[in-house]
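Results of the structural survey
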Amino acid sequence: MTRAVRSPDPVCSPVGNTPIVDVLLEVHGTMRRLRLKLESQNPFGSLKDRISASLIDHVADRIDKKIGVIESTSGNLGVAMSAECAARGIPFTAVVDPRTSVFFIDRMRDLGAQVRVIDEPDAAGGYLLNRIQYVKEQLKVRPGLVWTNQYRSEANPNAHFESTAPELLRQVPGPATVLVPVSTGGTLAGLTRFVDVTGVDWRLVGVDVHGSVALCRTSGRRLLSGIGASCPSSFLDPAAATVQYVDVAEAVSACLWLSEEAGIGVGGSSGATVAVALRMFRQDPAVEELVCLCPDGADRYLTTIYHADWRTAQGITTAGMGGAVSYRALGESGE
């Protein structure tokens, strides 16, 4: 059985100080190391914990505590924002869609947020454009309401430049290839700027899903929350980004494989990065180690990714999972 080892990191703060868990694999007879930075260990369970305070601080001088703030979210940011707003006594409205699991909706409401579900698909085959349209309509009819706007606020990539990247550098001084899932693009943009400023020897690879137009691809139906987007990222230059794409079955397969082989539960965006890592290991024997930024854990996807009925309803069958389970997890690495 694979056991996980946490890499020591001296950072100690309420948000951050998330561990890296290493898993040794044998791929085509060669030992490889898969390194997983588990953002599920943040206080409210995701990478989005890192940006919620920054987004609110960025507009703090405009916030009326009787009216509050609004944000469009697929789930994780909504939970983090709900907690941050509750702590500050600020009313919060989360705008979600049918792909947002009951876990997220219940958690946001438990933290005091109002939740609005937008259930009409947009022209791009998702819901994001209609979620944003609803936010804009609310700004017109509720004077004083403030939109934190994770899609355009520089507080988004800045939080990763100031928090995620320095912490990762202490754990992975380089050289390294780091796989980063793309949604708004804020994480990849913040890490890219950090590499440019510091010169750290990281190769950053964005991971996106087919159907996403975050980096100007063809739009299509998307099933997974937390990765991909119905509109281009305002933070990234598609021509300058290195990106690998996966489909839903690949991402889900990787989630199930990691849970079964290593006992580590991750969400769909994390599964997408793991799927790309396995692909890169398979395709290039020279690739010995890869780092995956894993935004959240399995706990919020028990009724979707980790539920056989959901997978069957979405046409994701065991037959489509062979590419991931052909790998064998052998053990753990030490620091």
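In the block above lies the structure referred to throughout.
Let me begin by describing the structure that accompanies this report. (Residues numbered from 1 in each chain as written. Predicted model: local features only at pLDDT ≥ 70, side-chain atom pairs only at ≥ 80, totals over all residues. Heavy atoms only, no water.)

Overview of the overall build of the chain
Along its length, the chain carries ten helices and eleven strands. Seen through its C-alpha atoms, the chain measures out along the principal axes to roughly 65 × 45 × 40 Å. Here the contacts in the chain between residues at least 6 apart in sequence split such that 69% fall between residues at least 24 apart. Entry remark: accessible area of the chain is about 13,800 Å², with carbon and sulfur atoms responsible for 50%. (Helix = DSSP H or I, 4+ residues; strand = E, 2+ residues; numbered from the N terminus. Contact = heavy atoms within 4.5 Å. Areas by Shrake-Rupley, 256 points an atom, 1.4 Å probe, with all protein chains shown as cover.)

Concerning the environment of alanine 60
Tracing the backbone shows alanine 60 in the loop between helix H1 (49–58) and strand E3 (69–72). Along the sequence, alanine 60 and valine 146 sit 86 residues apart, while their C-alpha atoms lie 9.3 Å from each other.

Describing the packing of aromatic side chains
Scanning the model with the defined rule gives four aromatic pairs in all. Here phenylalanine 103 and phenylalanine 104 contribute two aromatic rings whose centre-to-centre distance is 5.7 Å and whose plane-to-plane angle is 85°, an arrangement assigned as edge-to-face. Here a set of aromatic residues connected by ring pairs shows up, and it is made of Phe103, Phe104 and Tyr301. (Phe/Tyr/Trp six-rings, centres within 6.5 Å; stacked < 30°, edge-to-face > 60°.)

A closer look at the sheet that holds strand E6 (residues 146–147)
Ordered in space as E5-E4-E3-E6, the four strands form an open sheet in which the pairing is parallel. Pairing within the sheet leaves two strands with one partner each, and these edge strands are strand E5 (114–117) and E6. Strand contacts of helix H3 (residues 102–110): strand E4 (92–96) and E5, with the helix running at about 150° to E5, the strand carrying the most contacts. (Pairing = 2+ DSSP bridges. Axes fitted to C-alpha atoms, helices over the stretch in contact; angles between N-to-C directions.)

Structural notes on the nonpolar core
In this structure, Leu34, Leu36, Ile264 and Val274 are the most contacted members of the largest nonpolar core, which totals 68 residues. For this core, the leading source of residues is helix H7 (residues 248–262), giving nine residues. When residues no more than four places from it in sequence are discounted, the contact partners of valine 274 are Leu34, Leu36, Ala254, Trp257, Leu258 and Cys292. With 37 residues, the next largest nonpolar core counts Ile132, Val172, Ala176 and Leu236 among its residues. (Core = buried A, V, L, I, M, F, W, Y, C linked by side-chain atoms within 4.5 Å. Buried < 20%, exposed > 50% of the residue type's maximum accessible area, 1.4 Å probe, protein only.)

Side note on the environment of valine 274
Within the fold, valine 274 resides in helix H8 (residues 268–283). Among the residues examined, valine 274 registers a relative accessible area of 0% and is labelled buried.

A few points about the side chain of aspartate 208
You can see aspartate 208 is positioned in strand E8 (residues 202–209). Residue class for aspartate 208 comes out buried when judged on its relative accessible area of 0%. Here the side chain of aspartate 208 touches serine 212 through a polar contact of 2.8 Å, side chain to side chain. What aspartate 208 contacts, discounting residues up to four positions off in sequence, is Val182, Ala214, Leu215, Ile227, Gly228, Val243, Gln244, Tyr245 and Val246. (Polar contact = N/O pair within 3.5 Å; in protein donor to acceptor, adjacent residues only side chain to side chain.)

As for the side chain of arginine 33
Position of arginine 33 relative to the elements: it lies in strand E2 (residues 30–38). Accessibility expressed as a relative area gives 18% for arginine 33, which makes it buried. One polar contact links arginine 33 to aspartate 22, side chain to side chain, over a distance of 3.3 Å.

A few points about H3
Buried within H3 we find Phe104, Ile105 and Met108. Seen from one end, H3 has its buried residues packed into an arc of 95°, which puts them on one side. Seen from the buried face of H3, the exposed residues on the opposite side, beyond 90 degrees, are Val102 and Asp110. For H3, the elements touching its buried residues are helix H2 (76–88), E4 and E5. (Arc of directions from axis to C-beta.)

Comments concerning the pattern of salt bridges
In the structure shown here, the tally under the stated rule is 13 salt bridges. Aspartate 22 is the partner of arginine 33 in a salt bridge, and the nearest nitrogen-oxygen pair spans 3.3 Å. You can see arginine 33 sitting in strand E2 and its partner aspartate 22 sitting in strand E1 (residues 20–27), a full eleven residues away along the chain. Under the relative-accessibility criterion, aspartate 22 is labelled buried at 0%. (Salt bridge = Lys/Arg side-chain N within 4 Å of Asp/Glu carboxyl O.)

Re helix H4 (residues 128–141)
For H4, which comprises 14 residues, the first-to-last C-alpha distance of 20 Å matches the rise-based estimate of 20 Å (1.5 Å per residue) to within 8%. Within the span of H4, buried status applies to Leu128, Arg131, Ile132, Tyr134, Val135 and Gln138. Each buried residue of H4 sits inside an arc of 155° when the element is viewed along its axis, so together they form one side. Of the residues in H4, the exposed ones pointing more than 90 degrees away from the buried face are Lys140 and Val141. In this structure, the buried side of H4 is in contact with E3, E4, E5 and E6. (Expected span 1.5 Å × (residues − 1).)

Quick word on the packing of H1 against helix H5 (residues 155–171)
Between H1 and H5, whose axes approach to 8 Å, the crossing angle comes to 140°. The angle between H1 and H5 falls in the class oblique. Here the hand of the crossing between H1 and H5 comes out right-handed. Within the contact between the two elements, H1 uses Arg50, Ile51, Ser54, Leu55 and His58 and H5 uses Ala155, Asn156, Ala159, His160, Ser163, Thr164 and Glu167. Residue classes in the contact of H1 with H5 are distributed as four nonpolar, six polar and two charged. (Parallel < 35°, antiparallel > 145°, perpendicular 65-115°, else oblique. Left-handed = near helix turned anticlockwise from the far one by under 90°. Nonpolar A, V, L, I, M, F, W, Y, C, P; charged D, E, K, R; others polar.)

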